[in-house]
Amino acid sequence: GGGLSAADATHQVVQGDTLAGVPSGLVHTRGMPDGEQAFPEMHGVFSGAMGEDADTISNYNGYSVSLTVKSTATEFLVALSKDMGHALFWEMDANNAFVKLVGHRIELEPGNDELSRVVGSSKPFFALAPMTPAPDVWLQHFQADGRPLHSVGIAQAVTDENIFVATLDTIVKYSLASRTFQNITCERGAGEAFTSLTAGPGGELYVAKYTGKNQLTQIAESVLMKVTADGSCGVPEWAVLPTFRVVRAMALSNDGLFLFLADQAQDLSSATSPNEMQAIRMTVLRNGFTETLKGVGDTTATEEDIEFQNVVDLAIQESEGGTSASADSPRRILVLRASEDFDGSFFLAKVYAAGLTIEMDGETRSTFTGNSVSVMGGAASFKNLPFSMQAGRLSGVTAEQNAAGLYGGALSLDKVARSFTVKADTVTGAKSSFRTLFQGNTAIGQSNARGGAIGVEFSAGLLLKGSDFMENEAGYGPAIWFSSIRDFDDAYQPIWINPLYTVPQLGGSRLWIEACAVTSNKADPVNIPGTGAVSLEGGVQVEIVGSNFASNTATIGAAVSAVDNSTVVISSSTFTSNKATSTGAGLRLGDRAQATVKSSTFKSNEATSGAAIAAVGQSILALQTDPATPKD
């Protein structure tokens, strides 16, 4: 960070918000509007509170909406659909055992905006066997009268189409459309138990399964399983499986990149107590790369692992949609926990990056000129920034003649767990906007130097809008190098120490380029074939809209180069007079990359082969023309 550096930020942990009643879990969490900045008290969290005659879906954070779902002493509310129109109950049978599920279609009673009524019910699901968990899974699952002890032993996950429920021995999917149940079969051996689950944006389900105590260490062990949309169940294909103890709750980020877990950190239980401590861990779904979140508390600034006692549920609040276009919205992790021995007190804790906003705008006309560093981020470097920071935004900034020896001649992002925005900025009262400019920046100090203007690795995403990249230079990606592969891994071990070590890949991280000009950038490698102005690797997802690529030069893929399972969608863009001394002056795909090109123009590009587009190495290319566009 030659001009600016922000690194190793931590989370803020706020303990508070005592909840009335006996909450069964965070059954619904509202998303925030894109760009919303009123943080952290911005939207409601609904929690089921079990009473003698009703289960109340209450709002603890300023919303006026509440809902009471009628029930009896023999019913226990398990889950509520996102539209609050469907409710699942765990019901007692004639022998006072909770062995069946039933789904109710509910609506508000006429003239009462809070009390609901049942307008239709499903057939009961009877496949639930009475729970007989091993003592170290949880010591108390039922109260003396046979009712469940809060939500312990019951996990739920809600999508737009389905509700998933897991007891210790059974996983069930409830279809909202058909109001029918379906058993999901995942292998479970003697003494094993399903302890938590969460659903992903593609219909996949992640399940935590307790597998028993390690015979040598006598420490509890669990594995994560993945259920695909077609119902098949197996272990995720990770190079090295992460190690967990007993997972009490899980939540998945909207962008599908990160899985958060409340995992047993310390077993405090005795023969009569269910108490334990859970650490909040973050797993990258692409590879299983896992770390424990660090934070500071309400009263101390000492950084330590984030741990809570007796976690009941976990949820994430973030912007609706979770795409690159919503990078300005903050987000936080919510933890529902119980007091010691579950004595009746419950708390809703918040985990977020308190006040962490990185922002430079056109009104200040921030300029970085002539800064240099030996490694990364000639003008500015951002590293190890948390999932829950409020925003990262550079608007109307100028970066000229900055240099880095390895990557990110002007700007570098390394292990940043949320999307950054770089865009033009319209000054209040002005008729025109200040475009962000990257000009004459370089990353050429080493043979593998990359990202002449911007270098990004192992980070959630980058939104570029209304920005100009001119005359930048690097070995790889003289304008932008964007990779989900983390070369600078803190956990790196040489093969002679750990032969199973693999470089982590985030995968699925996003780059959005809109209304940008990428011109006259040059790949100038040392003993390597230089790649295009925009170079992509490691399974990233990229969308390029309404942008212009002109007069860029490289050995391969002079304008855009994509490899290693990257996916690119290009629309309404122009590629003119780009020159590759080898292949693909406009666009080059390799190593199983995929691209869809829509209504775009490739003109006067030069290469030895594939002057406009080159697709090699099992890559896939689709060309689409807007029907309204002439085809001459």
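None of these values were measured; they are calculated from a predicted model.

A. Just the environment of Ala391, in detail. Within the secondary structure layout, Ala391 lies in strand S34 (residues 391-395). Distance from Ala391 to Arg331, taken between C-alpha atoms, is 9.2 Å for residues 60 residues apart in sequence.

B. Local environment of the layout of surface pockets. The computed volume of the second largest pocket comes to approximately 890 Å³. Classifying every residue of the lining of the second largest pocket by side-chain character gives 17 nonpolar, 14 polar and 10 charged.

C. Representation of the packing of aromatic side chains in the model. Under the counting rule described, the total for this entry stands at 11 aromatic pairs. Pairing Phe289 with Phe458 gives two aromatic rings, centres 5.3 Å apart and planes at 80°, and the pair type is edge-to-face. Here Phe289 is found in the loop between strand S22 (276-284) and strand S23 (290-292), whereas its partner Phe458 is found in the loop between strand S43 (454-457) and strand S44 (461-465), with 169 residues between them in sequence. By the burial criterion, Phe289 is buried, and Phe458 matches it. Geometrically, the ring pair formed by Phe549 and Phe575 is stacked, given 4.8 Å between the ring centres and 0° between the ring planes. Here Phe549, found in strand S53 (residues 548-550), pairs with Phe575, found in strand S57 (residues 574-576); they are 26 residues apart in sequence, far enough to count as distant. Like Phe575, Phe549 is buried. Linked through ring pairs, Phe258, Phe260 and Phe387 together constitute an aromatic cluster. The ring of Trp481 has Arg450 sitting right over it, with the charged end atom 4.5 Å from the ring centre.

D. Spatial organisation of the state of the cysteines. Tallied over the entire structure, the rule returns 1 disulfide. The disulfide bridge from Cys186 ends at Cys233, spanning 1.9 Å between sulfur atoms. Torsion about the S-S bond of the Cys186 and Cys233 cystine: about 110°, corresponding to right-handed handedness. Remark: Cys233 occurs in strand S19 (residues 233-234) and Cys186 occurs in the loop between strand S15 (180-184) and strand S16 (193-199); sequence separation between them is 47 residues. You can call Cys233 partly exposed: its relative accessible area is 27%.

E. How the structure looks around unusual backbone geometry. Phi angles above zero are rare outside glycine, and Gln401 is one such case at about 55°. Within the element layout of this structure, Gln401 appears in the loop between strand S35 (398-400) and strand S36 (403-404).

F. Here's a closer look at the pattern of salt bridges. A complete count under the given rule lists 9 salt bridges for this structure. Between Glu192 and Lys209 there is a salt bridge, with its nearest N and O atoms 3.4 Å apart. In this pair, Glu192 sits in the loop between S15 and S16 while Lys209 sits in strand S17 (residues 205-213), placing the two residues 17 residues apart along the sequence. Classification of Lys209 as buried rests on a relative accessible area of 7%. Between Glu276 and Arg248 there is a salt bridge, and its shortest N-O distance comes to 2.6 Å. Separated by 28 residues along the polypeptide, Glu276 in strand S22 and Arg248 in strand S20 (residues 247-252) bring together distant segments of the chain. You'll find Glu276 and Arg248 in the same group, each marked buried. What you see here is one network of salt bridges that share partners, running through Asp414, Arg486 and Asp489.

G. Spatial organisation of the sheet that holds S19. Strands sit in the order S16-S17-S18-S19 across an open sheet of 4 strands; the sheet is antiparallel. Edge strands, defined here as strands with exactly one partner in the open sheet, are S16 and S19. In this structure, S17 lies alongside strand S18 (residues 220-227), joined through 8 bridges in antiparallel fashion. Among the inter-strand pairings, Tyr210 is bridged to a residue of S18, identified as Ser222.

H. Expanded view of the nonpolar core. In this structure, Phe382, Leu462, Leu464, Leu511 and Leu536 are the most contacted members of the largest nonpolar core, which totals 51 residues. The residues touching Leu464, leaving out its near neighbours within four places in the chain, are Val422, Ile454, Phe469, Ile480, Leu511, Trp512, Ile513, Glu514 and Cys516. The next biggest cluster of nonpolar side chains, apart from the first, holds 26 residues, and it includes Ala251, Leu257, Phe260 and Val335.

I. Broad picture of the sheet that holds strand S47 (residues 480-483). Overall, parallel pairing links the 9 strands, which are arranged S1-S33-S37-S43-S47-S51-S55-S59-S62 in an open sheet. The sheet terminates laterally at strand S1 (4-7) and strand S62 (613-615), the two strands that pair on one side only. This sheet shows a mean twist of 5° between the axes of neighbouring strands, independent of strand direction. Pairing of strand S55 (residues 560-562) with strand S59 (residues 587-589), which is carried by 3 bridges, proceeds in the parallel orientation. Residue pairing for S59: Ala562 is matched across the bridge by Leu589.

J. The arrangement of the pairing of S18 in detail. Between S17 and S18, which pair antiparallel one after the other, the connecting turn spans 6 residues, and Gln218 there sits at a positive phi close to 60°. The pairing of S18 with S19 spans 2 bridges and is antiparallel. Bridging across to S19, Lys226 finds its partner in Gly234. In sequence, S18 turns back onto S19 through a hairpin of 5 residues, with Gly231 there showing a positive phi of about 95°.

K. Inspection of the side chain of Asn552 at higher detail. Tracing the backbone through its elements, the reader meets Asn552 in the loop between S53 and strand S54 (553-554). Look at Asn552 and you get buried, because its relative accessible area is 0%. At a separation of 3.0 Å, a polar atom in the side chain of Asn552 contacts the side chain of Asn578. Contact partners of Asn552, with chain neighbours within four places excluded, come to Val518, Thr519, Ser520, Asn521, Ala533, Ala558, Ala559, Ser577, Asn578 and Lys579.

L. Region of the structure containing the environment of Phe181. One can find Phe181 in strand S15. A relative accessible area of 16% places Phe181 in the buried class. In contact with Phe181, other than residues within four places in its own chain, are Leu88, Leu101, Val102, Gly103, Ser122, Lys123, Phe125, Val172, Lys173 and Tyr174.

M. Summary view of the side chain of Thr583. You can see Thr583 is positioned in the loop between strand S58 (579-580) and S59. The exposure class assigned to Thr583 is buried, which follows from its relative accessible area of 14%. A polar atom in the side chain of Thr583 sits 3.1 Å from the side chain of Arg588. Those residues in contact with Thr583 that lie beyond four places of it in its chain are Thr555, Ile556, Gly557, Arg588, Ala607, Thr608, Ser609, Gly610 and Ala614.

Cut-off values and rules
- Residues numbered from 1 in each chain as written.
- Predicted model: local features only at pLDDT ≥ 70, side-chain atom pairs only at ≥ 80, totals over all residues.
- Heavy atoms only, no water.
- Helix = DSSP H or I, 4+ residues; strand = E, 2+ residues; numbered from the N terminus.
- 1 Å grid on protein atoms, 1.4 Å probe; cavity = no way out; pocket = protein on both sides within 12 Å on 5 of 7 lines; lining within 4 Å.
- Points joined across faces, edges and corners; volume = space filled by probe spheres on them.
- Nonpolar A, V, L, I, M, F, W, Y, C, P; charged D, E, K, R; others polar.
- Phe/Tyr/Trp six-rings, centres within 6.5 Å; stacked < 30°, edge-to-face > 60°.
- Buried < 20%, exposed > 50% of the residue type's maximum accessible area, 1.4 Å probe, protein only.
- Lys NZ or Arg CZ within 6 Å of the ring centre and 35° of its normal.
- Disulfide = S-S within 2.5 Å.
- Salt bridge = Lys/Arg side-chain N within 4 Å of Asp/Glu carboxyl O.
- Pairing = 2+ DSSP bridges.
- Core = buried A, V, L, I, M, F, W, Y, C linked by side-chain atoms within 4.5 Å.
- Contact = heavy atoms within 4.5 Å.
- Axes fitted to C-alpha atoms, helices over the stretch in contact; angles between N-to-C directions.
- Polar contact = N/O pair within 3.5 Å; in protein donor to acceptor, adjacent residues only side chain to side chain.

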